[in-house]
Amino acid sequence: MWLRVRQIALVANKLAPIVDDMKNILGLEVCFRDPGVKVFGLENALWPVGNQFIECVSPIQENTAGGRYLQRRKGDGGYMCIMQAEDHAPVKAHVAKLGIRKVIDHDTAHFHNMQLHPRDTGGTFLEIDHQPGGEAPDGPWEPAGKDWKRAVHTDVVKAIKAVEIQSPDPDTLAKRWAEILNLPLKNLPQPSIEVDNSTIRFVKETDGRGEGLSGLDLQATNKKHALDAAEKLGRRIGDDTVMVCGMRMKLV
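Residues numbered from 1 in each chain as written. Predicted model: local features only at pLDDT ≥ 70, side-chain atom pairs only at ≥ 80, totals over all residues. Heavy atoms only, no water.

S.K.: Before we go on, may I ask you to explain the overall build of the chain in this structure?
M.R.: Broken down by element type, the chain carries 6 helices and 14 strands. Relative to a compact globule of 252 residues, whose C-alpha radius of gyration would be 18 Å, the chain shows 17 Å and is just as compact. Expressed as lengths along the three principal axes of its C-alpha atoms, the size of the chain is roughly 50 × 40 × 40 Å. Every one of the 252 residues in the chain was classed for burial, and the buried ones make up 53%. Summarising the internal contacts of the chain: among those between residues at least 6 apart in sequence, 66% fall at separations of at least 24. Computing the positive centroid from 33 side-chain charges and the negative centroid from 34, the chain places the two 2 Å apart. (Helix = DSSP H or I, 4+ residues; strand = E, 2+ residues; numbered from the N terminus. Rg over C-alpha atoms; globule rule 2.2 N^0.38 Å. Buried < 20%, exposed > 50% of the residue type's maximum accessible area, 1.4 Å probe, protein only. Contact = heavy atoms within 4.5 Å. Lys, Arg positive; Asp, Glu negative; His and termini not counted. Charge placed at Lys NZ, Arg CZ, Asp CG, Glu CD.)

S.K.: Please clarify how the pairing of strand E11 (residues 199–204) should be interpreted in this entry.
M.R.: Working note: regular strand, side chains alternate between the two faces of the sheet. Burial of E11 is extensive: 5 of the 6 residues sit out of reach of the surface. Taken together, the 6 bridges between strand E8 (residues 157–167) and E11 define a ladder with parallel strand orientation. Residue pairing across strands places Glu164 opposite Arg201, the latter belonging to E11. Note: strand E10 (residues 191–194) against E11, 3 bridges, orientation antiparallel. Considered in E11, the bridge of Ile193 is made with Ile200. (Pairing = 2+ DSSP bridges.)

S.K.: Where do I start with the pattern of salt bridges in this structure?
M.R.: Two side chains of opposite charge can pair, provided their charged atoms sit close to one another. Applying the stated criterion across every chain, the model contains 17 salt bridges. For Glu164, the salt bridge goes to Arg248, with nearest N and O atoms at 2.8 Å. Placement of the pair is Glu164 in strand E8 and Arg248 in strand E14 (residues 247–251), with a sequence separation of 84 residues. For Glu164, a relative accessible area of 10% corresponds to the buried category. (Salt bridge = Lys/Arg side-chain N within 4 Å of Asp/Glu carboxyl O.)

S.K.: Any chance you could explain the environment of Leu227 here in plain terms?
M.R.: Among the secondary structure elements, Leu227 is positioned in helix H6 (residues 223–233). Between the alpha carbons of Leu227 and Gly123 there is a distance of 29 Å; along the sequence they are 104 residues apart. Leave out the neighbours within four places in its chain, and Leu227 touches Arg236, Gly238, Asp239, Asp240, Thr241, Val242 and Leu251.

S.K.: Whenever I open this one, the sheet that holds E14 confuses me. Can you help?
M.R.: Strand order across the open sheet formed by 7 strands is E9-E10-E11-E8-E12-E14-E13, with mixed pairing between neighbours. Taken across any chain shown, the strands that pair with only one partner, and hence form the sheet edges, are strand E9 (186–187) and strand E13 (241–244). Note: strand E12 (residues 212–220) against E14, 4 bridges, orientation parallel. Along E14, the bridge assignment pairs Leu216 with Met249. Each of E8, E12, E13 and E14 touches helix H1 (residues 16–26); the most contacted strand, E13, lies at about 160° to it. (Axes fitted to C-alpha atoms, helices over the stretch in contact; angles between N-to-C directions.)

S.K.: It is not clear to me how the packing of H1 against H6 should be interpreted in this structure. Could you clarify?
M.R.: Close contact between H1 and H6 brings their axes to 7 Å; oriented N to C, the two are set at 135°. The angle between H1 and H6 places the two elements in the oblique class. Contacts between H1 and H6 involve Asp21, Asn24 and Ile25 from the former and His225, Ala226, Ala229, Ala230 and Leu233 from the latter. (Parallel < 35°, antiparallel > 145°, perpendicular 65-115°, else oblique.)

S.K.: What is the right way to look at the state of the cysteines in this model?
M.R.: Each disulfide consists of one covalent bond between the sulfur atoms belonging to two cysteines. What the rule picks out here adds up to 0 disulfides. Here Cys31 stays unpaired: no disulfide links it, and the sulfur of Cys56, its closest cysteine neighbor, is 13 Å away. Not part of a disulfide, Cys56 finds its nearest cysteine sulfur in Cys245, a span of 4.1 Å. (Disulfide = S-S within 2.5 Å.)

S.K.: Would you take a moment to explain H6 for this structure?
M.R.: Since one α-helical turn is 3.6 residues long, residues separated by three or four positions face the same way. Buried residues of H6: Ala226, Leu227, Ala229 and Ala230, and no others. With its buried residues spanning 165° around the axis, H6 presents them on a single face. Opposite its buried face, H6 presents the exposed residues Lys224, Glu231 and Lys232, each directed more than 90 degrees away. As for H6, its buried residues are in contact with H1, E13 and E14. Looking one or two residues past H6, Gly234 carries a phi angle of roughly 70°, positive in sign. (Arc of directions from axis to C-beta.)

S.K.: Explanation requested: H1 in the structure shown.
M.R.: Inspection of H1 places Ile18, Val19, Asp21, Met22, Ile25 and Leu26 among the buried residues, and these make up the whole buried set. All buried residues of H1 lie within an arc of 165° about the axis, which places them on one face of the element. Along H1, the residues that are exposed and aim more than 90 degrees away from the buried face are Ala16 and Lys23. Directly beyond the C-terminal end of H1, a positive phi value near 70° is found at Gly27.

The structure is reproduced here in structure tokens:
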């Protein structure tokens, strides 16, 4: 059974500056803004990265889960790793066998959504979803709206090749995620889990922000554009790395 990284969610104090950075640095265009997140006191935007997605949510009222997460992680950063599963039933059965609590467990005819409790997973929010009729890598994805392909631009970046999660104890965290995802754990050289289209790697936390989703590797088609734009905006932090929404985004 295949398992893919389909969407990465970020959280920011203000959404508009992130929209600007995504466009100016990474060449990405917003494909969808979900009015449904307003019930959680949030606004959002989604960008297609090839056939995967980056989302950013931002609080629009006080005392939201997103706002509390911003305080806990000391600013903008990663929020959720959202996987797409070929079949949901065996994933649900495995999660139940492990005794993992669910924050959301909601099925419709068009989308099956399961978000796991972060106290039981560690690392960051982990969501494993299923899209009926979405077997193709560029198939439909309900959270991105019906017309997301019109916004695809791959002239700067075209795929999310790796997800980085930092922890004071990355080895233990990696073992837990491998157990949850029911996949082998490798060392490449960091402890890592390979899924159908990407890699999830676990690194030592060194920035004082605690455990959480800390970086992405983005497959670049025009690395120079991204690095030059980031340099002008004060977002370049290394030879091949930019900082967007508190996330280390490495251009590979």
